[in-house]
Amino acid sequence: MIPEIGVFALVVALCLAAIQGTLPLAGTAVGYTNWVGLAKTSAYGQLFFVLIAYGSLTWSFLTYDFSVLYVAQNSNLALPLIYRISGVWGGHEGSLLLWMLILSSWTAVVSIFSYKVSNQMLVKVLAILGLISVGFLLLLLFTSNPFERQFPAPSDGHDLNPLLQDPGLAIHPPLLYIGYVGFSVPFAFAIAGLLNGQIDTAWARWSRMWASVAWVFLTIGITLGSWWAYNELGWGGWWFWDPVENASFMPWLVGTALIHSLAATEKRGVFKAWTVLLAIFTFSLSLLGTFLVRSGILTSVHAFATDPARGVFILSFLGIVIGGSLLLYAWKAPRIRSSIGFDWLSREIALLLNNVLLVVTAATILLGTLYPLILDSLGLGKISVGPPYFNAVFIPLAIPLALLAGVGAITRWKQDRLLRLVSELRTPFCISLALGLAWPFFGTSHYSLSAGLGGTLGLWAIVVALQGLWKRTSRKDRWRSFLSMPGSIFGQTLAHSGIGIFVIGIAFTSAYTIQKDLRMVPGEEYYVGDYAYKFEGVEHREGPNYRSEIGSIKVFRNSVQVAHLRPEKRFYSRQGSPMTEPGIDAGVFRDLYVALGEQLNDDGNWSVRVHYNAFIRWIWLGPLLMAFGGLISVLDPRYRRPRIRANSLTP
Amino acid sequence: MTPRRRQRLILTVILFTGTAIAITLALLALRENINLFFSPTEVKNGDAPSNANFRLGGMVVANSVHRADNELDIRFDLTDTAATVTVIYTGLLPDLFGEGQGIVAQGQLSTDGTFRAEQILAKHDETYMPPEVENALEKAKTMKFHDP
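On a predicted model such as this, the values are computed, not experimentally measured, just so you know.

### Some details on the interface of chain B and chain A
Then, in step 1: Taken residue by residue, the interface counts 30 residues in chain B and 34 residues in chain A.
Then, in step 2: Elements with a contribution of two residues or more to the side of chain B that touches chain A: α1 (3-33), β1 (34-38) and α3 (131-146) of chain B.
Then, in step 3: At 10 residues, α1 of chain B tops the list of elements feeding residues into the side of chain B that touches chain A.
Then, in step 4: Counted by class, the side of chain B that touches chain A contains 15 nonpolar, seven polar and eight charged residues.

### Some points on the pairing of strand β4 (residues 73-79) of chain B
One face of the sheet, then the other: side chains in a regular strand alternate in exactly this way.
All names here are of chain B.
Then, in step 1: Most of β4 is tucked away: five of the seven residues are buried.
Then, in step 2: Two elements, strand β2 (residues 54-60) and β4, share two bridges in a ladder whose sense is antiparallel. Its bridge partner lying in β4, V60 is registered against L78.
Then, in step 3: One ladder, built from two bridges, connects strand β3 (residues 66-67) with β4; its direction is antiparallel. Across the sheet, H66 pairs through a bridge with R75, a residue of β4.

### Things to note about unusual backbone geometry
All names here are of chain A.
Then, in step 1: Here the bond from F151 into P152 is cis, since omega is -5 degrees, no more than 30 degrees from zero.
Then, in step 2: Structurally, P152 can be placed in the loop between α6 (119-143) and α7 (167-182).
Then, in step 3: Within the chain, F271 stands out as a residue other than glycine whose phi angle is a positive 55 degrees.
Then, in step 4: Mapping F271 onto the fold places it in the loop between α10 (243-268) and α11 (272-294).
Then, in step 5: The class for F271 is buried, based on 22 C-beta atoms found within 10 Å.

### A word on the domain arrangement of chain A
Residue and element names in this part refer to chain A.
Then, in step 1: Each assigned domain of chain A is listed with its residue range as follows: domain 1 (1-165), domain 2 (413-513) and domain 3 (514-617).
Then, in step 2: Between the C-alpha centres of domain 1 and domain 3 there is a distance of 42 Å.
Then, in step 3: Taken together, the eight residues of domain 1 in the interface contact eight residues of domain 3.
Then, in step 4: Among the residues forming the side of domain 1 that touches domain 3, the class breakdown is five nonpolar, two polar and one charged.

### A look at the environment of V65 of chain B
Residue and element names in this part refer to chain B.
Then, in step 1: Of note, V65 is situated in the loop between β2 and β3.
Then, in step 2: Sequence-wise, V65 and L78 are 13 residues apart; in three dimensions their C-alpha atoms are separated by 9.9 Å.
Then, in step 3: Residues contacting V65, with those up to four places away along its chain left out, are V60, I74, F76 and E99.

### Looking at the confidence of the model for chain A
Residue and element names in this part refer to chain A.
Then, in step 1: When pLDDT is averaged across chain A, the result is 88; 96% of the residues are at 70 or more.
Then, in step 2: Every residue in residues 299-305 scores below 50 in pLDDT, and together they form 17 contacts with partners more than four places removed in sequence or on other chains.
Then, in step 3: In this model residues 642-651 is a low-confidence stretch, pLDDT under 50, and it forms 15 contacts with partners more than four residues away in sequence or in other chains.

### What to know about the nonpolar core
Then, in step 1: Formed by 194 residues in total, the largest nonpolar core has its most connected members in A13, M100, V125 and V254 of chain A.
Then, in step 2: Leave out the neighbours within four places in its chain, and V254 of chain A touches L278, F281, T282, L285, L358, V359 and A362 of chain A.
Then, in step 3: Core analysis: the next-biggest nonpolar cluster, separate from the first, contains 26 residues, F54, L93, F97 and A105 of chain B among them.

### A few points about the sheet that holds strand β11 (residues 606-614) of chain A
Residues and elements named next belong to chain A.
Then, in step 1: Strand order across the open sheet formed by four strands is β2-β11-β10-β9, with antiparallel pairing between neighbours. The open sheet has two edge strands with one neighbour each: β2 (514-520) and β9 (583-585). Across the sheet, the axes of successive neighbouring strands diverge by a mean angle of 15 degrees, strand direction being ignored.
Then, in step 2: Note: β2 against β11, seven bridges, orientation antiparallel. Across the sheet, M520 pairs through a bridge with W606, a residue of β11.

### With respect to the packing of α6 of chain A against helix α8 (residues 184-196) of chain A
The description of two packed helices rests on the angle between their axes and on the distance between the axes.
Residue and element names in this part refer to chain A.
Then, in step 1: The geometry of α6 relative to α8 is characterised by a closest axis approach of 8 Å and an angle of 125 degrees between their N-to-C directions. Taken together, the axes of α6 and α8 are oblique relative to one another. When the axes of α6 and α8 are compared, the crossing they make is right-handed. Along the contact surface, α6 presents Q120, M121, K124, V125, I128, L129 and I132, while α8 presents S184, A188, F189, I191, A192, L195 and N196.
Then, in step 2: Considered class by class, the residues forming the contact of α6 with α8 number 10 nonpolar, three polar and one charged.

Rules behind the numbers
- Residues numbered from 1 in each chain as written.
- Chains lettered and ligands numbered in written order.
- Predicted model: local features only at pLDDT ≥ 70, side-chain atom pairs only at ≥ 80, totals over all residues.
- Contact = placed C-beta atoms within 7 Å.
- Helix = DSSP H or I, 4+ residues; strand = E, 2+ residues; numbered from the N terminus.
- Nonpolar A, V, L, I, M, F, W, Y, C, P; charged D, E, K, R; others polar.
- Buried ≥ 20, exposed ≤ 12 C-beta atoms within 10 Å, placed from the backbone.
- Pairing = 2+ DSSP bridges.
- Domains from an automatic or database assignment.
- pLDDT = per-residue confidence, 0-100.
- Core = buried A, V, L, I, M, F, W, Y, C linked by C-beta atoms within 7 Å.
- Axes fitted to C-alpha atoms, helices over the stretch in contact; angles between N-to-C directions.
- Parallel < 35°, antiparallel > 145°, perpendicular 65-115°, else oblique.
- Left-handed = near helix turned anticlockwise from the far one by under 90°.

Spelled out as structure tokens, the structure:
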């Protein structure tokens with residue numbers, strides 16, 4: 001009964017979304033205020049019914065209702081409670097339902113917090129969000145119904161994919177989705193702005209706020225995904241340029257360009273048409289990400305199922321959204337005028353450069369991700385594009401980004417003087433060069449020039465960001481002027497420092513990480529770097545829904561024990577699949593990481609992968625700082641200022 | 001031409017040239033870093049390159065997996081049912097490596113006709129068959145049918 005309520009709720013939500021997407025728009029056209037008022041009501045109603053549907057699926061998971069096909073595929077009687085709750089988004093259908101729930105939530109949040117946005121704008125924004133909901137609800141109901149029944153019901157379910165049975169996964173997809181779906185809001189604002197012919201400061205302010213919130217979630221989501229892969233896949237790496245990782249990274253890059261371009265549009269009224277285009281691109285890449293991940297056309301750990309009908313549906317949906325919005329753009333954009341000029345040395349140019357670098361980076365990643373698919377569909381052979389390509393294109397484009405981040409922030413709007421910039425940057429340059437080049441002399445086994453240069457680059461980003469903050473305080477009363485500074489300045493400083501920490505992390509990780517595959521004999525010691533790993537053997541243990549071989553490895557440095565690692569090899573009997581749970585001793589400057597391979601003979605010899613990962617925590621700390629900076633910027637009080645009258649309807 | 005228009009024109013030209021250069025470099029990088037896929041049959045026919053990395057996919061032949069006694073060296077046969085290639089690898093194997101499993105090995109052919117793998121890929125699902133491997137198996141099947 002409960003699953004049928006879920007289906008019914010989805011149908012009602014579809015009707016409400018259709019109303020939300022059409023009637024209020026028609027209402028503004030013909031002047032029926034009653035119809036206009038429907039926009040918010042139907043948005044709340046849609047959220048209510050999607051929540052019911054989501055609740056029904058969760059209930060089916062909690063009550064082990066294996067007559068529901070999706071529940072039977074993704075859970076079983078032995079599955080712990082937390083994974084029965086997170087199991088809802090463990091497969092294709094449920095994760096689409098989660099997507100839908102987040103979209104309705106965003107719609108409701110936008111209609112609550114946009115009381116200062118003009119009605120003209122809000123109605124169109126909600127209508128566009130409503131139309132996107134219609135697309136996703138149709139996808140859910142016709143190609144991916146999570147409530148599909150099976151008779152007779154099996155006595156036990158299959159199991160949740162063991163890879164997904166990790167606390168990190170309980171939060172990684174929802175955060176990622178909140179980010180993905182969140183970019184539908186600036187997209188809706190962009191389309192509404194095009195329709196209204198109103199791309200002005202007020203428009204940019206609202207788009208910027210929503211884009212920043214979405215960006216914060218996407219940043220945290222990607223970071224958690226990287227951390228999860230490190231903890232769960234047993235390969236010891238943090239980024240693999242897997243198509244699915246790329247699918248989340250591309251909207252992040254273009255979204256980062258978008259929030260910077262929006263800053264220029266808000267403050268100076270420039271790059272209007274370009275900003276609109278970026279908003280369209282960002283959301284299109286989010287949709288493309290969903291398509292790539294969920295259609296199963298990619299060979300990837302994330303691909304759940306292969307079903308051509310779904311692929312065709314998402315592809316046509318993607319075509320309608322991208323094609324339609326680009327057509328509208330081509331039609332309306334020539335009428336958007338950016339009226340203010342700027343000099344060759346100005347923050348506008350710096351932001352433009354930032355945008356070009358980010359968009360080109362995203363384009364090269366898109367090329368590498370889609371190239372194998374294009375060749376395959378043309379029948380030109382099966383190929384794969386590996387990490388060497390992505391590293392080769394990403395690193396040269398990322399270095400100028402890190403170099404320019406802080407510089408752009410201290411360059412003046414409209415016009416600046418080269419001499420002023422040079423005199424300001426002289427001190428940070430000397431500090432970061434001296435400290436950066438000296439850094440690898442301390443606490444490392446050997447000097448690495450690439451680590452020194454990476455350290456210089458990272459320190460440069462941090463020092464320039466901090467100096468920008470310092471220069472903004474008044475000479476007379478540093479402390480008070482520091483405290484009264486707008487939040488967006490702190491946010492910007494934190495985010496740009498985050499880039500520095502991230503760069504240092506990458507430079508040191510790639511220079512000083514040691515990886516060895518060893519054959520370990522119980523009782524023997526093995527040296528990796530400065531550390532001695534003493535293998536004490538492996539014992540058997542039973543988990544709730546798995547059997548486990550758990551190893552014991554004590555790590556010594558200068559004969560002092562520094563860690564006791566317990567790597568595990570689990571075997572999930574129901575799915576018949578093994579899982580590697582590495583043993584990790586985390587630290588600020590290094591992680592000790594061991595993963596069990598397999599038992600090699602009856603004497604208890606095991607193959608073991610041993611990693612010494614230098615500075616790897618910095619790689620996650622940097623992006624978290626960026627996200628935190630973004631969050632502080634969003635809390636800036638200027639988003640709560642009185643309503644700005646901006647109802648101009650210039651054609 | 002007004003100064004603003006001129007600035008816009010210059011900016012556009014610079015951006016387009018810059019982007020074009022970046023994309024060209026990316027395409028060059030792409031050409032050097034793609035990994036072609038070959039089946040054991042194609043390797044036996046001599047289609048695979050002899051001094052470049054490529055991907056070899058197929059099923060691990062039952063009872064063909066041999067481990068060295070004191071190292072992490074391993075040797076096994078990979079087949080698409082029509083032809084078989086011996087693969088040599090040192091290191092940890094992925095969790096789902098096993099006899100009868102479809103896997104993809106990345107590496108180079110050596111002069112004695114064995115395949116030296118640097119990396120072994122197997123996916124996380126016991127019923128999963130890499131699409132390339134499935135395709136190769138299909139091809140081998142139809143070939144046998146025509147040429148018994």
